[in-house]
Amino acid sequence: MIIRNFLNFVKNNRLLFVLLAITQVIAVVIILFSFGIYRNNRYKLAEGESRDKSLIFSPKENVDIEISRVRDKIVEVSKKYSSLIDSTYIPTKVNLTEYSPEDFENMSLVYSGTNIALARSEFKVVNGEILFRDVYTDNILLTIDEDGRGFTEDELTNGARVCLVPYEAYEMQKDKFEINGISYEIIGHEKKPLGLYATSSREFNIPLMSLPDDAKLSVLCFNLKRPLLRSEYEAIRAEFIPMILSENEVDISGFYSIEIDEKATIKTMMVAAVFMSLISAFSVCIIYRYMLAKRVKTTAIYRICGCTRLKSSLIYIGEMVMVLAGSCAAGSLLFELIVEPRLEKSYTWFSVIYKNGSSYLLVLLYFVIVSGIASVMIAASNRRTPKELLSGKMK
């Protein structure tokens, strides 16, 4: 009965049906958008207090962590959390095994009194692919002498024994350099420093997958696109501790989490949703009251043929609930599939805000409020007798 009545309603009142549906869809989109803007602004305010946007794992004093222990996990985490991690920077300590500390006197190439140099590895992940970090293409490549070249994209991932070296290293060894007992081809070197007091860099550049297995981790730095939520920080931390590293081996720094009182936020938005629902319900009731007025004779016939007040009310309430449920679902899908993805470009936190689905509780609250108010209106209109209904006067 309800479905047949609903289909007749749509058939005979197409314009009103479309108007009612569009009104509901727009109301749902506005509620979800308002919820997102409110929370995004709170996150942005908290983000402004952040000192930096990085997550740094540093070996503790006198702790050596060989890159072979964490290399695969670094790549895995960088790919898994590419929506959070802008780029990954991994300096390691390596031994220049062909030389003794005395060979490096008065040079900036190694740590003082040693033959230990710094090897720099860095990359970013885009669509699951390992690519060059922007600082590499914007800065490092510009410092390479014209008779050399930079890494190819294949060399980033295939473990090729290639390196870019400081000018001092190139002067010592033109073609190859032995690093941790492994011969690396010098494919490019820093331009000759200019000026009386100019010194070259001390960093070798080696792709992460090409580093010697026994290279010692100096720092693991994830450069972030934004500060992390506490839950995101805990998730990344759990990838390393205690799965691969122990708490006694590394310190974690450079991290600032965004802390938002989720309960207070939801409570505030529920109050706002109630207010918006009442306004929307008023609009819906005006439209639906007009629809009932047009069908008052049909209602009178139902009553004359034995339909009780309760049953006739339930028919119209069921009809209204079907329209409202379909509109809420359509509005939610419209927002999730079309509106929200486009807004993510302008609102950084939208991908986080709508991830757990809590915002759709507001849509449910809206549905309940509008259904309740409209049901009361329908029940009140059905208190009249068939004679009063046939008179055509609405109360």
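Refer to the structure above for everything that follows.
Figured I'd write up the structure that's included with this text.

About the criteria used
Residues numbered from 1 in each chain as written. Predicted model: local features only at pLDDT ≥ 70, side-chain atom pairs only at ≥ 80, totals over all residues. Heavy atoms only, no water. Axes fitted to C-alpha atoms, helices over the stretch in contact; angles between N-to-C directions. Helix = DSSP H or I, 4+ residues; strand = E, 2+ residues; numbered from the N terminus. Parallel < 35°, antiparallel > 145°, perpendicular 65-115°, else oblique. Left-handed = near helix turned anticlockwise from the far one by under 90°. Contact = heavy atoms within 4.5 Å. Nonpolar A, V, L, I, M, F, W, Y, C, P; charged D, E, K, R; others polar. Buried < 20%, exposed > 50% of the residue type's maximum accessible area, 1.4 Å probe, protein only. Pairing = 2+ DSSP bridges. Core = buried A, V, L, I, M, F, W, Y, C linked by side-chain atoms within 4.5 Å. Phe/Tyr/Trp six-rings, centres within 6.5 Å; stacked < 30°, edge-to-face > 60°. Lys NZ or Arg CZ within 6 Å of the ring centre and 35° of its normal. Salt bridge = Lys/Arg side-chain N within 4 Å of Asp/Glu carboxyl O.

Here we come to the packing of helix H3 (residues 67-80) against helix H6 (residues 230-240). At a minimum axis separation of 10 Å, H3 and H6 run at an interaxial angle of 160 degrees. In terms of orientation, H3 and H6 fall into the roughly antiparallel class. The two elements H3 and H6 meet at a crossing, and its hand is right-handed. Contact residues: Lys73, Ile74, Glu76, Val77 and Lys80 in H3; Ile236, Glu239 and Phe240 in H6. Split into classes, the residues belonging to the contact of H3 with H6 amount to four nonpolar, no polar and four charged.

Residues Val162 and Leu164 of strand S5 (residues 162-165) are buried on one face, and the alternating residues Cys163 and Val165, pointing to the opposite face, are buried as well. The pairing of S5 with strand S7 (residues 182-189) spans four bridges and is classified as parallel. What sits directly across from Leu164, in S7, is Gly188.

With that settled, the discussion passes to the nonpolar core. Core analysis: the biggest nonpolar cluster contains 57 residues, and Ile67, Ile74, Leu96, Phe204 and Phe222 have the highest contact counts within it. Broken down by element, the residue count for this core peaks at five residues, all from H3. Dropping the residues within four chain positions of it, Ile74 is found in contact with Ile67, Thr88, Ile90, Phe123, Leu208, Leu220, Phe222 and Phe240.

This part takes up the packing of aromatic side chains. Tallied over the full model, the rule gives seven aromatic pairs. Pairing Phe222 with Phe240 gives two aromatic rings, centres 6.1 Å apart and planes at 45 degrees, and the pair type is tilted. Pair noted here: Phe222 is in strand S10 (residues 220-224) and Phe240 is in helix H6, with a separation of 18 residues, a long-range link. By relative accessible area, which is 0% here, Phe240 ends up buried. Here the aromatic cluster, defined as three or more aromatic residues joined through ring pairs, consists of Tyr99, Phe104, Phe177 and Phe204. Cation over ring: Lys93 sits above Tyr111, and NZ or CZ is 5.4 Å from the ring centre.

The next subject is the environment of Gly148. Examined against the element boundaries, Gly148 turns out to sit in the loop between helix H4 (134-143) and S5. A relative accessible area of 25% places Gly148 in the partly exposed class. A C-alpha to C-alpha distance of 9.0 Å links Gly148 and Glu190, two positions 42 residues apart in sequence. Setting aside its immediate chain neighbours within four residues, Gly148 contacts Ile187 and Gly188.

Next up on the list: the pattern of salt bridges. For the structure on display, the rule yields eleven salt bridges. For the salt bridge of Lys73 with Glu76, the shortest nitrogen-to-oxygen distance reads 3.2 Å. Of this pair, Lys73 and Glu76 both sit in helix H3, three residues apart, which is roughly one turn of the helix. By relative accessible area, Lys73 is classed as buried at 9%. Its salt-bridge partner being Glu239, residue Lys80 comes within 2.7 Å of it at the nearest N-O pair. Linking Lys80 in helix H3 with Glu239 in helix H6, this pair joins segments that are 159 residues apart in sequence. Because the salt bridges share partners, they merge into one network encompassing Lys73, Glu76, Lys80 and Glu239.

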